[in-house]
Amino acid sequence: MRYHRNRLIVVVSRYDRSMAEIIRTPRTDALVLDVLGRHGELDRTALAQLTGLARSTVTDVLVRLGRQEVIVQRPGTGGRVGRPSGVVALACPPGVIGVLALTNGVLQAAAVGFDGTIHATRSVETVLYELTDGLVRPGTDLLEAAMSKGDIPRGQLRCAVLCVPLPLSTRGGVPHRDRTPPPQLTTRMHQLPQWLLTDPARALGEQLGVPAWAENDANLAALGEAAFGAGRGTDDLIYLKVVVGVGAGLILGGRLHRGAGGLAGELAHLHVKEDGPVCVCGGRGCLMTQFNSPRLVDLVQSAHPQTLTLEDVLALADSRDPGVLRVLADLGRLLGRSLADACVYLNPSQIIVDGLLGGAADPVIDGIREMVQRYLQPLAATGLTVVRGHLGANAEILGAVALARLNYRDPALAAP
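Residues numbered from 1 in each chain as written. Predicted model: local features only at pLDDT ≥ 70, side-chain atom pairs only at ≥ 80, totals over all residues. Heavy atoms only, no water.

Some details on the overall build of the protein chain
When you go through the protein chain residue by residue, the secondary structure sums to 14 helices and 18 strands. Within the protein chain, the fraction of its 416 residues that count as buried is 52%. For the protein chain, contacts bridging at least 24 residues in sequence account for 60% of all contacts bridging at least 6. For the protein chain, the computed accessible surface area is about 19200 Å², with 51% contributed by carbon and sulfur atoms. (Helix = DSSP H or I, 4+ residues; strand = E, 2+ residues; numbered from the N terminus. Buried < 20%, exposed > 50% of the residue type's maximum accessible area, 1.4 Å probe, protein only. Contact = heavy atoms within 4.5 Å. Areas by Shrake-Rupley, 256 points an atom, 1.4 Å probe, with all protein chains shown as cover.)

As structure tokens, this is what we get:
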């Protein structure tokens, strides 16, 4: 992307031609394309609000982009008299995105359209530290099985996105000081696999023969909720992932915020207890040492000995068990105290809690709200909503779609 006098040169794939084709557009056109790429389907009013352009200017831009076949316009369900109703979205290329999502102890492969339609999926239970030889071979085998299940020819694959449950640095791979895994990069006596020390998307792209990108699971879930779920139309939000691990994805100014080293949103390593146990990161008293899935099960077992898994705990929460609701509310307060401070710096308009929690999200949300109201500046607290995510288990997959749409259209828009 570069400026030349009063025109902005933006790479926009026409999808039936080479991705390298360059279309010169006015700055207003580029701004509308950027907002549509980040937010997905929007009506004209939302486009005007998010771009800061007058509604008449937005209409003129849409006419130009429609002639270029870069966008599509569909009828809406209503509208004010004398004004065109309907929604606008980027024109979707043919073919599918291949998504490999390793999160919550499951490796899922999905073939997904650029419009967010999930055509086929396959999954197996596994964890990161069992994949000592990498994710490419088992992942591509699973993806091919999913595409075969959905009768999708291999030639329909346009790009791929890899989701991993660890932070990824801006140069690729898990952040570390050198190429030798330090002792603290271990969990449950398992050393960090060597394949994660460099960009894992490179090998995936070479194997599939298409462009590929890798991203952290909480970041992808944040992108998914922002583009397709509870955060649609919201430019500044914090997404909390709290089912198996604890993490966060930050959308600031409508863009994913990764931080200088890819570590933004690593809630698992918030310092919450002065004399707590040493964490795998090398710190002490981190949130992940005080709250994790096994510890949550242990806390509940004293009252419910038959509780053996996290699913059992969530079922008790759905049945409104008072002890489980208290434990989850305490988790919300623990998160909410730190989030209140973060909201002073970031001033988000929304906090989205992991939709996988189902009914168990309600006490967590109540705990967060309590601490935000107590510690955050009243004006900022008034403009902040805390809600449950809408996408559940599909958050990472649809986040991969949002990332692919940006990168496939213009890599400069989303690349770190």
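There is more to say after this.
Digging into the pattern of salt bridges
Scanning all chains against the criterion turns up 12 salt bridges. Notably, a salt bridge pairs R333 with D330, separated by 2.7 Å at the nearest N-O pair. Placement of the pair is R333 and D330 together in helix 10 (residues 322-346), with a separation of three residues, close to one helical turn. Of the residues examined, R333 reaches a relative accessible area of 28% and is grouped as partly exposed. (Salt bridge = Lys/Arg side-chain N within 4 Å of Asp/Glu carboxyl O.)

Observations concerning the sheet that holds strand 15 (residues 247-252)
Within a sheet, adjacent strands bond to each other through the backbone by hydrogen bonds, running parallel or antiparallel. In spatial order, the strands read 16-15-14-17-18; together these five strands make up an open sheet with mixed pairing. Only two strands of the sheet have a single partner each, and these edge strands are strand 16 (255-257) and strand 18 (385-388). Within the sheet, the average angular offset between the axes of one strand and its neighbour, ignoring direction, is 25°. Where strand 17 (residues 350-353) lies against strand 18, four bridges are found, and the strand directions are parallel. Across the sheet, the residue bridging to I351 is V386, located in strand 18. (Pairing = 2+ DSSP bridges. Axes fitted to C-alpha atoms, helices over the stretch in contact; angles between N-to-C directions.)

So, the packing of aromatic side chains
Throughout the structure, instances matching the rule amount to zero aromatic pairs. Over the ring of Y375 we find R337; its NZ or CZ atom is 3.8 Å from the centre of that ring. (Phe/Tyr/Trp six-rings, centres within 6.5 Å; stacked < 30°, edge-to-face > 60°. Lys NZ or Arg CZ within 6 Å of the ring centre and 35° of its normal.)

Regarding the sheet that holds strand 10 (residues 157-164)
Strand order in the open sheet formed by five strands is 9-8-7-10-13, and the pairing between neighbours is mixed. Every other strand in the sheet has two partners, leaving strand 9 (118-125) and strand 13 (212-216) as the edge strands with one partner each. Averaged over all neighbouring strand pairs, the angle between strand axes comes to 15°, with direction disregarded. Alignment of strand 7 (residues 96-103) against strand 8 (residues 106-113), held across eight bridges, turns out to be antiparallel. Each residue of the ladder has a partner; that of I97, found in strand 8, is V112. Contacts between helix 6 (residues 217-228) and the sheet are confined to strand 7, strand 10 and strand 13, with strand 13 contributing the most and set at about 100° to the helix.

Some words on helix 3 (residues 55-67)
Spanning 13 residues, helix 3 covers 19 Å between terminal C-alpha atoms, matching the ideal 18 Å at 1.5 Å per step. Among all positions in helix 3, only V58, V61, L62 and L65 are buried. The arc that holds the buried residues of helix 3, viewed along the axis, is 100°, so those residues lie on one side. Where helix 3 is buried, its residues meet helix 1 (27-39), helix 2 (44-51), strand 5 (71-74) and strand 6 (87-90). Positive backbone phi, approximately 65°, marks E69, located one or two places after helix 3. (Expected span 1.5 Å × (residues − 1). Arc of directions from axis to C-beta.)

Some remarks on the nonpolar core
Counting 40 residues, the largest nonpolar core has L240, L335, I351, V353, L357 and I368 as its most contacted members. When residues of this core are traced back to their parent elements, those giving at least two are strand 14 (237-241), strand 15, helix 8 (293-301), helix 9 (310-318), helix 10, strand 17, helix 11 (361-375) and helix 12 (378-382). At seven residues, the largest contribution of residues to this core is made by helix 10. Those residues within four positions of L357 in sequence are excluded, and the remaining contacts are V242, V243, L314 and V364. (Core = buried A, V, L, I, M, F, W, Y, C linked by side-chain atoms within 4.5 Å.)

Remarks on helix 4 (residues 136-149)
Given a rise of 1.5 Å per residue, 14 residues ought to cover 20 Å, and the 20 Å separating the end C-alpha atoms of helix 4 matches this to within 8%. The complete set of buried residues in helix 4 reads V136, G139, T140, L142, L143, A146 and M147. End-on view of helix 4: buried residues confined to an arc of 160°, all on one side of the axis. Within helix 4, the exposed residues directed more than 90 degrees away from the buried face are R137, S148 and K149. Packed against the buried residues of helix 4 are strand 7, strand 8, strand 9, strand 10 and helix 5 (200-208). Just downstream of helix 4 lies D151, where phi reads positive at about 55°.

Focus on the confidence of the model for the protein chain
Per-residue pLDDT for the protein chain has a mean of 81; in total, 86% of the residues score no lower than 70. In this model, residues 1-24 is a region of pLDDT below 50 whose contacts with residues beyond four sequence positions or in other chains number 52 contacts. Taken together, the stretch residues 411-416 has pLDDT below 50 and engages in 13 contacts with residues farther than four places along the chain or on a different chain. (pLDDT = per-residue confidence, 0-100.)

So, the side chain of T126
For T126, the position within the fold is in the loop between strand 9 and helix 4. Note on T126: relative accessible area 10%, which makes it buried. Side chain to side chain, T126 and E130 meet in a polar contact 3.1 Å long. Setting aside residues no more than four positions away along its own chain, T126 makes contact with L102, G105, V106, L107 and L131. (Polar contact = N/O pair within 3.5 Å; in protein donor to acceptor, adjacent residues only side chain to side chain.)

Some words on the pairing of strand 9
The side chains of a regular strand alternate, first on one face of the sheet and then on the other. Pairing between strand 8 and strand 9: seven bridges, direction antiparallel. Bridging from a neighbouring strand, A111 pairs with A120 of strand 9.

Points about the environment of L328
As for its placement among the helices and strands, L328 is situated in helix 10. Between the C-alpha atoms of L328 and A361, which are 33 residues apart in sequence, the distance is 8.1 Å.

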